[in-house]
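Spelled out, the chains give:
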Amino acid sequence: MGLDSLDVFLRTVRDDLGLDIAVPEGADTALGDLPGWDSLNLLRLVALLEESGHRVPVHRLLEACSLREVHTLVKEYG
């Protein structure tokens, strides 16, 4: 699954995690401010990325403050 585009990434996260994320406006919302965001969704996001072939180190994901930052990591780590 190609997640190189920010819009595709946001839509995938929104649909697979069942979050109410505006595309593309929600990209810069702090993760803690996303409706429904919790630690379980972080684990689900890790699984989603792994299943799509993107192996981002978890410690880097923990440092991310927004989905835009997560997307930047996805592009960085391929």
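Keep in mind that what you see is a predicted model, and the values were worked out from it rather than measured.

Some points on the nonpolar core
It is characteristic of soluble globular proteins that their nonpolar side chains tend to be buried jointly.
And then number 1: Among the nonpolar cores identified, the biggest contains 25 residues, and Phe9, Val13 and Leu49 are the most heavily contacted of them.
And then number 2: Residue assignment for this core shows that the elements contributing at least two residues are helix H1 (6-17), helix H2 (39-51) and helix H4 (67-77).
And then number 3: In this structure Val13 touches Gly18, Leu19, Ile21, Leu45, Leu48 and Leu67, once residues within four positions along its chain are discounted.

Notes on the pattern of salt bridges
Between side chains of opposite charge, pairing is possible as soon as their charged atoms come close.
And then number 1: Using the criterion set out here, one finds 5 salt bridges in the structure.
And then number 2: Where Arg14 meets Asp15, a salt bridge forms, and the shortest distance between an N and an O atom there is 3.1 Å.
And then number 3: Across the salt bridge formed by Arg60 and Glu76, the nearest N and O atoms sit 3.4 Å from each other. Residue Arg60 is located in helix H3 (residues 58-63), and its partner Glu76 is located in helix H4; the two are separated by 16 residues in the primary sequence.
And then number 4: Salt bridges sharing common partners tie together Arg60, Glu63 and Glu76.

How each quantity is defined
Residues numbered from 1 in each chain as written. Predicted model: local features only at pLDDT ≥ 70, side-chain atom pairs only at ≥ 80, totals over all residues. Heavy atoms only, no water. Core = buried A, V, L, I, M, F, W, Y, C linked by side-chain atoms within 4.5 Å. Buried < 20%, exposed > 50% of the residue type's maximum accessible area, 1.4 Å probe, protein only. Helix = DSSP H or I, 4+ residues; strand = E, 2+ residues; numbered from the N terminus. Contact = heavy atoms within 4.5 Å. Salt bridge = Lys/Arg side-chain N within 4 Å of Asp/Glu carboxyl O.

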